[in-house]
Protein chains: 2
Amino acid sequence: MAVTIHEVARGAEVSVSTVSRAFTVPEMVHPETRRRVLQVAGELGYQPNRAARGLVTGRTGNIGVVVPDVANPFFSAVLKGCAARAREARHVVFLADAAEDPRVEAEVVGAMAKQVDGIVLCSPREDLAQLERLAGIAPLVLLNRDVEGVPSVLMDSADGVRQAVEHLGALGHRRVAHLAGPATSWAGKERLRGLRAAAPANDVEAVELGPFPPTFQGGVQAADLALARGVTAVLAFNDLMALGVLSRLAARGVAVPRDMSVVGFDDIEMSGMTPEPLTTVRMPMEAAGRAAVDMLLDEQTTESELQRWLPTQLIVRSTTTPPAEVR
Amino acid sequence: MAVTIHEVARGAEVSVSTVSRAFTVPEMVHPETRRRVLQVAGELGYQPNRAARGLVTGRTGNIGVVVPDVANPFFSAVLKGCAARAREARHVVFLADAAEDPRVEAEVVGAMAKQVDGIVLCSPREDLAQLERLAGIAPLVLLNRDVEGVPSVLMDSADGVRQAVEHLGALGHRRVAHLAGPATSWAGKERLRGLRAAAPANDVEAVELGPFPPTFQGGVQAADLALARGVTAVLAFNDLMALGVLSRLAARGVAVPRDMSVVGFDDIEMSGMTPEPLTTVRMPMEAAGRAAVDMLLDEQTTESELQRWLPTQLIVRSTTTPPAEVR
DNA sequence: ATGAAAGCGCTAACAC
DNA sequence: GTGTTAGCGCTTTCAT
């Protein structure tokens, strides 16, 4: 069995409260006593049982993170940010993989509720009513989803699209396809919003395609459609799709920097895996994770600043070139 | 505040023990009583506080998982397996990102120890003594590391290398380079072992290069060395490195399926990101995560089967071809 | 089949 | 500055 506070108390010849204080409010115990307590605790390898502590304080020191898919590099980056920030605050993260299923999502939030101080819900697939219900059972911070009254961390994808469209427009592209991801995606709607606003202003015609699955295969599928519509550039929902597009274009003999420009989202370059210099809109995923945990830890969050917007940035590489007719 | 067992008891007009039993040993309470209790619990949205439960039962229902880097697709796949298996067993996973730092690793194991039923330590960077110490403070299952007396899940990379070497040898390759990753990697040592055993048997000369950082950049660096040594094929420590090699070879004008064959490990195809048909040794990462949690949950594990070996498999794609001199 | 009560490891009044 | 004590929400004897 693990070593308890009582054994430390006995060893240091003090009461349990003194031991407790030595750990939680050190300045309240005599330096000499504290030294002795800490010393004994060290020797015994004592570490306070956080569950027991939580039971009385009401604060668990745990923060929950729910992602639709851990294996998706987008979310693992978010997760990394959460874990890093949590550790700084000496908190621990509870992870749940919702397997892209809204029902599982709701379920795990319920299961976690009691054992965490708050939950970061990433790109939740739930409907509004569910989300509002969940926000009632535990402090929530939404990532990539915006619900009235619920704190959230948002990435400015609309602006990312604007940057991309501006860039393409400046190069001379006049018809660009947008390959949508899942219809329920908040980020997807934002991008569409950005697209519709930016396209006219930059004299480009937006061809809206989709929805497609946000996967490599989805990109393959989308590429054929884009080709059929005679665009000179495509904006893919994410890097995975962009990769699929690239692959399909290659297979159909369409030279990518020359005949068609491709822009992706969710830059995964961090893993060094961007296989060709694919132009992308960089989403600050790790920063978003940090920010979300941050809001959870910051008590005042709920009252004042309910939304945290993170900027996105277009990273231009060699795969965007002027269309053939302009060159 | 959350709804407690007392409120349910009051609502259902029974004692708390009955409520408790209705949840933990349903067959011990009268069907009618149980129905009423569950009904009230449902209405109130009651969910037992697992921390409190753990305090008395000694079992927390939590599984700790420590990875060197969540953002590494290899580990996020493992993590996914862990999360999935944990959920099946109605357990929750505690995640810690050790940031590739052995000290942090030891630290988080200590911090987690009390609040979990066991810990999965992935590719631990610690030295043997540390690991043995950690095994004493919490039930541990090692992944990708083998320590006497500590349960572990291992992937048969040596056999993977054997398959690769056999394949290359059969195609006519006579000199193949092995690009090592971090010197402390257990998997790396295993691969080397497999290589040294398989090379002579297949009439191929193994050129051992490295160590290199297990990254894209590491691959770039390694490619030049491999080129200088006049090999016709390379075995890269992992896919990231393999990608780096590919990239560098392309930059130096070496045609990849034709002038040089490249084989990677840690197949990341699951994310649809294998950019070119790179031949790889598939590591069953998700299965490994499942297996690890499985061993933690299975009480008997510690006594009987201390090691679980998972098979690896060579996935041949078009990038392995006979060397020029054979064609 | 059910209730009463003890206690898991800890913190937070409340004494001294 | 330190000790005593009463719970936190739950399970688990031990009665009944």
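As named in an unreviewed UniProt entry, chain A is LacI family DNA-binding transcriptional regulator, taken from Pseudonocardia aurantiaca.

Right, let's get into the relation of the copies chain B and chain A. For the pair chain B and chain A, the best superposition has an RMSD of 0.2 Å and corresponds to a rotation of 180° with a translation of 0.1 Å parallel to the axis. Such a turn and shift between the copies fits a two-fold axis. Of the C-alpha atoms belonging to chain B, the one lying closest to the rotation axis is found on F94 of chain B, 2.3 Å away. Comparing interface residues between copies, 100% of those in chain B also sit at the interface in chain A, which points to an isologous, same-surface contact.

A few words on the interface of chain B and chain A. Tallying the contact residues gives 38 residues for chain B and 38 residues for chain A. Buried area between chain B and chain A, both sides added, is near 3,600 Å², and the carbon and sulfur share of it is 64%. If you look at where chain B meets chain A, you find six salt bridges. One salt bridge connects K80 of chain A with D97 of chain B, and the closest N-O pair in it is separated by 2.8 Å. Inspection of the chain B/chain A interface yields ten residue pairs in polar contact (both at pLDDT 80 or more). Among the elements of the structure, α4 (50–57), α5 (73–88), β2 (92–97), α6 (102–112) and α11 (239–251) of chain B are those that each provide at least two residues to the side of chain B that touches chain A. Tallied by class, the residues present in the side of chain B that touches chain A amount to 23 nonpolar, eight polar and seven charged. Where strand β2 (residues 92–97) of chain A meets β2 of chain B, three bridges bridge the pair, whose relative direction is antiparallel. Its bridge partner lying in β2 of chain B, F94 of chain A is registered against F94 of chain B.

In this section: the sheet that holds strand β10 (residues 279–282) of chain A. Residue and element names in this part refer to chain A. The mixed open sheet is built from six strands, whose spatial order is β7-β6-β8-β9-β10-β12. Each edge of the sheet is formed by a strand with only one pairing partner; in this case those strands are β7 (205–209) and β12 (313–315). Sheet twist, expressed as the average angle between the axes of neighbouring strands with direction ignored, equals 20°. Note that β10 and β12 share three bridges and pair antiparallel. What sits directly across from T280, in β12, is I315. Contacts between helix α11 (residues 239–251) and the sheet are confined to β6 (175–179), β8 (233–236), β9 (261–265) and β10, with β9 contributing the most and set at about 155° to the helix.

On to the pairing of β8 of chain A. Residue and element names in this part refer to chain A. Because side chains alternate across β8, one face comprises the buried residues A233 and L235, and the other comprises V234 and A236, equally buried. Sheet topology note: the β6/β8 ladder contains four bridges and is parallel. Looking across to β8, one finds that A177 is bridged to V234. As paired strands, β8 and β9 are joined by three bridges and run parallel to one another. Its bridge partner being in β9, V234 is matched across the sheet by V262.

Bringing the protein's contact with DNA strand D into the picture now. With respect to spatial proximity, 25 residues lie near DNA strand D, and among them S17, T18 and T33 of chain A together with I5 and R53 of chain B are the closest. Take the atoms of DNA strand D that sit within 4 Å of the protein: sugar and phosphate atoms are 62% of them. The side chain of S17 of chain A places a nitrogen or oxygen atom 3.0 Å from a base oxygen of DNA strand D. Between a base oxygen of DNA strand D and a main-chain N or O atom of V56 of chain A, the distance comes to 3.4 Å. Sorting the residues of the surface near DNA strand D by element identifies α2 (16–24) and α4 (50–57) of chain A together with α2 (16–24) and α4 of chain B as the ones contributing at least two each. In terms of residue count, the dominant contributor to the surface near DNA strand D is α4 of chain B (five residues).

On to the pattern of salt bridges, then. All names here are of chain A. In total, this model carries 37 salt bridges over all chains according to the counting rule given. For the salt bridge of E88 with R85, the shortest nitrogen-to-oxygen distance reads 3.5 Å. Of the two residues, E88 and R85 both sit in helix α5 (residues 73–88), three residues apart, roughly one turn of that helix. Linked by salt bridges that have partners in common, R85, E88, R290, D294 and R308 make up one network.

Our next topic: the UniProt feature "domain: HTH lacI-type" (unreviewed entry) in chain A. The feature "domain: HTH lacI-type" (unreviewed entry), as annotated in UniProt, sits at residues 3–57 of chain A in this numbering. Along residues 3–57 of chain A one finds 71% helix and 0% strand; the C-alpha atoms at either end are 21 Å apart.

Calculation criteria
Residues numbered from 1 in each chain as written. Chains lettered and ligands numbered in written order. Predicted model: local features only at pLDDT ≥ 70, side-chain atom pairs only at ≥ 80, totals over all residues. Heavy atoms only, no water. Least-squares fit on C-alpha atoms with pLDDT ≥ 70 in both. Contact = heavy atoms within 4.5 Å. Buried area = accessible area lost by both parts, 1.4 Å probe. Salt bridge = Lys/Arg side-chain N within 4 Å of Asp/Glu carboxyl O. Polar contact = N/O pair within 3.5 Å; in protein donor to acceptor, adjacent residues only side chain to side chain. Helix = DSSP H or I, 4+ residues; strand = E, 2+ residues; numbered from the N terminus. Nonpolar A, V, L, I, M, F, W, Y, C, P; charged D, E, K, R; others polar. Pairing = 2+ DSSP bridges. Axes fitted to C-alpha atoms, helices over the stretch in contact; angles between N-to-C directions. Buried < 20%, exposed > 50% of the residue type's maximum accessible area, 1.4 Å probe, protein only. Near = heavy atom within 4 Å. UniProt positions renumbered as here; feature names shortened; annotations may be inferred.

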